[in-house]
Amino acid sequence: MLQRPAFSSLLTLACLLQSCGSAGQLLGAEQAPELEQHPQLRAAFNHREDRGYISPISRQWRAGEDLEALLIEAIRSAESEVLVAVQELSLPAIARALAEQHRRGIPVKVVLENLYSQPWSSQHEAELSPHQRQRHRQLRALADQNGDGQLSESERQQGDAVGILQRAGVPLLDDTADGSKGSGLMHSKYLVVDGQTVVTGSANFTASGLHGDPGAPRTRGNANHLLQIESPALAALFREDFERMWGDGPGGQPDSRFGLGKGQHAPQRIRVGSSEVEVLFAPHRRSDPNNGLALIASVLAEARERIDLALFVFSAQSLTDQLAERLAQQVRLRLVADPGFASRPFSEVLDLLGVAMADRDCKIERNNQPLERAAEGVGTPQLARGDKLHHKFAVIDGKTVITGSFNWSPSAAHQNDEVLLVIRSPQVAAHFTREMDRLWRTADLGITERLRRKLERNRQRCGSGVERL
């Protein structure tokens, strides 16, 4: 068995090229004491300030950990099996690593969201939605290796990750394999290697998710993280989820199961070394008490001192209600939310700030309950233009982490294929707290001038709004 790659080794070559003082560390950066990694639960963040690597997109040295290198090393370490379930895989180097293992005779299986399961090089922009058209242009820029603005046939083939998988014969299917039009979203993000290693977290396997947008050098990638977990017991649970989606594979009977068709399962707890990990695979029916929002609420209820939240989407009223209860018990709250989602009408960030916003039809969410007194410690971080805060994590009292692909929304709980993890480990929590501290240092708190103007325009157009029936 090959030894699993240590995170500290991922940046060694880049560091040597840049004459770093030690592996992957940034010279001149403020050096905080190094946090020891949990032996079986290792966390990596693509925006760490005390680590750096050469971006394969911009070819420039940048702060952070190379999450793509982490994924490729895990794939290349495989000796018996590689399972991939991810919403989007568009990085050619990851696809090539999977294709190489397939050619070696190692079973490789890939599940994607149906929106991203076709080769982009065979698509025509005129037939795409505006979002898909923007993605198509970014992938063309990623494939344009010589930067001349024109794609040769070689560049098109070598730059199309899904095309690379298909030409290599890697078995691949999406969430239409059950005979439907697809689940809400196949939103899971995980890799299982040899029934032993799980790599999972908030990141899609894309340039925007890991490094930054092709053709936009100012971007640094959406703020994301991955966990590499060494546990045969946990890997077995992920493999069960994968096999429910896979069925008998491409070309077989429509026995794949996605969304609610997978059946609803309760959270399962296992020991990983000295720590406890609870895993839940969504979705669940609204009446099912095992749904992901209920699990999150139960963990938030354990807080006695502090709750830290870094969230992409937060639209679940039940979780705002739970946070209000914790605030009433003098639990301190730090929340940073993605700026693009924080001020949308359905955002619970607005509720925590004690305000409401009508939608384009001048309707207010049903049963919307803004706090009578705005919570302190709620805001948005400063990000490079074009980047998103894509984390979905919480840290409870510095000892418990909630994370996964699971956004804090009813869609994640009741429609999408998702992963939700609860990790009880102060050692792991320390790494997420460090990331929270980084985001917090640049956060704009409370009702910013930009949000105030948006609220005023909304009131002028809609008044107080009408509750949606």
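Now for a description of the structure that goes with this document.

Description of the pairing of strand β13 (residues 332-337)
The two faces of the sheet receive side chains in turn, since in a regular strand these alternate between them.
At step 1: Within β13, five of the six residues are buried, which leaves it mostly tucked inside the rest of the structure.
At step 2: When strand β12 (residues 306-311) meets β13, the two strands line up parallel, connected through six bridges. In the sheet register, Arg-306 faces β13, and the bridge partner there is Arg-332.
At step 3: The parallel pair β12 and β13 is bridged by helix α10 (residues 317-328), and the resulting crossover is right-handed.
At step 4: Relative to strand β15 (residues 378-380), β13 runs parallel, the two being bridged by two bridges. Bridge assignment links Leu-335 to a residue of β15, and that residue is Val-378.

Quick look at the pairing of strand β4 (residues 82-86)
At step 1: Burial within β4 is extensive, with five of its five residues counted as buried.
At step 2: Covered by surrounding structure in β4 are Val-82, Val-84 and Val-86 together with Leu-83 and Ala-85, the residues of both alternating faces.
At step 3: Bridge analysis of β4 against strand β5 (residues 108-112) gives five bridges, and the strand direction is parallel. Paired with Val-82 across the strands is Val-108, a residue of β5.
At step 4: Note on the crossover from β4 through helix α3 (residues 92-103) to β5: the handedness is right-handed.

Some words on the packing of α3 against helix α6 (residues 161-168)
At step 1: Viewed as axis vectors pointing N to C, α3 and α6 meet at an angle of 10°, and their least axial separation amounts to 8 Å. One finds that α3 runs roughly parallel with respect to α6. Between α3 and α6, the contacting residues are Pro-92, Ala-95, Arg-96, Leu-98, Ala-99, His-102 and Arg-103 on the first element and Ala-161, Ile-164, Leu-165 and Ala-168 on the second.
At step 2: By residue class, the composition of the contact of α3 with α6 is eight nonpolar, one polar and two charged.

Looking at the sheet that holds β15
At step 1: Spatially, β10-β11-β18-β17-β16-β12-β13-β15-β19 is the arrangement adopted by the nine strands of the open sheet, whose pairing is mixed. Two strands bound the open sheet, and with one partner strand each, they are β10 (268-272) and β19 (444-445).
At step 2: With five bridges joining them, β12 and strand β16 (residues 392-396) adopt antiparallel strand pairing. Paired with Leu-311 across the two strands is Lys-392, which belongs to β16.
At step 3: Sitting on the sheet, helix α9 (residues 292-300) touches β11 (275-282), β12, β16, β17 (400-404) and β18 (418-424), and the angle it makes with β18 is about 20°.

How each quantity is defined
Residues numbered from 1 in each chain as written. Predicted model: local features only at pLDDT ≥ 70, side-chain atom pairs only at ≥ 80, totals over all residues. Heavy atoms only, no water. Buried < 20%, exposed > 50% of the residue type's maximum accessible area, 1.4 Å probe, protein only. Helix = DSSP H or I, 4+ residues; strand = E, 2+ residues; numbered from the N terminus. Pairing = 2+ DSSP bridges. Right-handed = clockwise from strand over helix to strand, strands pointing away. Axes fitted to C-alpha atoms, helices over the stretch in contact; angles between N-to-C directions. Parallel < 35°, antiparallel > 145°, perpendicular 65-115°, else oblique. Contact = heavy atoms within 4.5 Å. Nonpolar A, V, L, I, M, F, W, Y, C, P; charged D, E, K, R; others polar.

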